[in-house]
Amino acid sequence: MKIALIGYGKMGQAIEKIAVAKGHEIVLKISIDNLEDNTIENIQQADVAIEFTGPESAYDNVVRCIEAGVPLVCGSTGWLNKYDEVTALVKEKNGTLLYASNFSIGVNIFFELNRKLAELMAPHADYDVSMVEIHHTQKLDAPSGTAITLAEQVMEKITRKQSWVNDTTGNPAELSILSERIDPAPGTHKIKYSSSIDDIEIIHTAHNRTGFASGAVLAAEYIAGRKGIFSMKEVLGL
Ligand SMILES: NC(=O)c1ccc[n+]([C@@H]2O[C@H](COP(=O)([O-])OP(=O)(O)OC[C@H]3O[C@@H](n4cnc5c(N)ncnc54)[C@H](O)[C@@H]3O)[C@@H](O)[C@H]2O)c1
């Protein structure tokens, strides 16, 4: 499979190693140093594009790949206010998009656990739920995209929480997400249900970036030749 890497930083380079080891070919590498090569024509040389740049640049790159008609795996976080606009464009162009706030198999299993725990806790209003996410200091967005996914899953089941805030809160209708930035931390997410009697807590801790990178390559293999909007649930058969 021919892959275009849009974003050749920590994630792009980790993805390259795994993709090449699996026999794929990297036909384009884009970083801030060669933006002139980030063209529709160059992207069209690939069977699939993988985008890991950042919150500021993701939207333009996503639109460019859709316009190029090349299936896209996007891992950049912090741009989801435009997600509905992008999915409408994918449908209009009969394109292919797989966005995941987190590509690791462990986190996607953790998502399932989070949904199940929230469902079990929903009737028990004595428990308050809150979250903490910990990442490295170069991370540009807060809370993390993974934390936002986890928060949305919680609020789907725990309807007494109506919105999340990236702070502590005294408002019982708000779900508190605290963001800590410590080096070197590839990513930790905690969801805690707390009552005066006891606490229940689930924690996922990434040890390195390999899980995200191998999940992104799996996702690219899955979407190549498919049309539509996909998630890691389909890739991992969860
Ligand atoms: N979904 C996941 O599983 C997951 C996992 C880790 C990181 N991320 C996210 O992926 C993104 C990238 O993370 P990273 O750690 O690789 O960052 P990084 O800073 O190491 O790399 C970013 C890369 O994007 C390039 N870039 C910057 N602006 C660009 C532009 N306008 N056009 C093209 N390329 C541009 C930079 O030159 C660099 O090569 C972040 O949003 C991060 O939160 C997601």
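Residues numbered from 1 in each chain as written. Predicted model: local features only at pLDDT ≥ 70, side-chain atom pairs only at ≥ 80, totals over all residues. Heavy atoms only, no water.

1. Thoughts on the site of the ligand
Within the structure, the ligand sits among 24 residues, and Lys-10, Met-11, Ile-32, Thr-77 and Lys-139 are positioned closest to it. Measuring from a nitrogen atom of the ligand, one finds a backbone N or O atom of Ser-101 at 3.1 Å. Relative to its unbound accessible area of 860 Å², the ligand is 80% covered by the protein chains. Of the pockets mapped on this structure, the ligand occupies the largest pocket. (Near = heavy atom within 4 Å. Polar contact = N/O pair within 3.5 Å; in protein donor to acceptor, adjacent residues only side chain to side chain. Areas by Shrake-Rupley, 256 points an atom, 1.4 Å probe, with all protein chains shown as cover. 1 Å grid on protein atoms, 1.4 Å probe; cavity = no way out; pocket = protein on both sides within 12 Å on 5 of 7 lines; lining within 4 Å. Sits in = over half its atoms within 2 Å of the grid points.)

2. A closer look at the domain arrangement of the chain
In many reports, interface size means the accessible area that the parts give up when they come together. Assigned domains of the chain: these are domain 1 (2–103 + 210–236) and domain 2 (105–205). Once you take the C-alpha centre of each, domain 1 and domain 2 turn out to be 27 Å apart. Contacts between domain 1 and domain 2 engage 11 residues on the former and 15 residues on the latter. Buried area between domain 1 and domain 2, both sides added, is near 1,000 Å², and the carbon and sulfur share of it is 54%. Along the contact surface separating domain 1 from domain 2 lie 1 salt bridge. Taken together, the links from domain 1 to domain 2 amount to 7 residue pairs in polar contact (both at pLDDT 80 or more). Counting residues per element, the side of domain 1 that touches domain 2 draws most heavily on helix H8 (residues 232–236), at 3 residues. (Domains from an automatic or database assignment. Contact = heavy atoms within 4.5 Å. Buried area = accessible area lost by both parts, 1.4 Å probe. Salt bridge = Lys/Arg side-chain N within 4 Å of Asp/Glu carboxyl O. Helix = DSSP H or I, 4+ residues; strand = E, 2+ residues; numbered from the N terminus.)

3. Some thoughts on the packing of helix H1 (residues 10–21) against helix H7 (residues 210–223)
Look at H1 against H7: their axes get within 9 Å of each other, and the N-to-C directions meet at 60 degrees. Classed by the angle they form, the pair H1 and H7 counts as oblique. The handedness of the crossing between H1 and H7 comes out as right-handed. Taken together, the residues of H7 that come into contact with H1 (itself represented by Met-11, Ala-14, Ile-15, Ile-18 and Ala-19) are Thr-210, Phe-212, Ala-213, Ser-214, Ala-216 and Val-217. (Axes fitted to C-alpha atoms, helices over the stretch in contact; angles between N-to-C directions. Parallel < 35°, antiparallel > 145°, perpendicular 65-115°, else oblique. Left-handed = near helix turned anticlockwise from the far one by under 90°.)

4. Thoughts on the sheet that holds strand S5 (residues 96–99)
The 6 strands are arranged S2-S1-S3-S4-S5-S11 in an open sheet whose pairing can be described as parallel. Of all the strands in the sheet, just strand S2 (25–30) and strand S11 (228–230) have a single pairing partner and so form its edges. Direction aside, neighbouring strands of the sheet carry axes that sit 20 degrees apart on average. Direction of pairing for strand S4 (residues 72–74) relative to S5: parallel, over a ladder of 3 bridges. (Pairing = 2+ DSSP bridges.)

5. Some details on the layout of surface pockets
If you add up the space inside the largest pocket, you get close to 1,000 Å³. Together, 44 residues line the largest pocket, and Met-11, Phe-52, Thr-53, Gly-54 and Ser-76 are the ones closest to its centre. Looking at the lining of the largest pocket, the elements with two or more residues in it are H1, helix H3 (58–68) and helix H6 (145–157). Per-element accounting of the lining of the largest pocket gives the leading share, 3 residues, to H1. Class assignment for the residues of the lining of the largest pocket results in 15 nonpolar, 23 polar and 6 charged. If you count residues domain by domain, the lining of the largest pocket takes at least three from each of domain 1 (2–103 + 210–236) and domain 2 (105–205). What the second largest pocket holds in volume is close to 510 Å³. Along its surface, the second largest pocket is lined by 22 residues, and Tyr-99, Ser-101, Thr-149, Glu-152 and Ser-231 are the ones closest to its centre. (Points joined across faces, edges and corners; volume = space filled by probe spheres on them. Nonpolar A, V, L, I, M, F, W, Y, C, P; charged D, E, K, R; others polar.)

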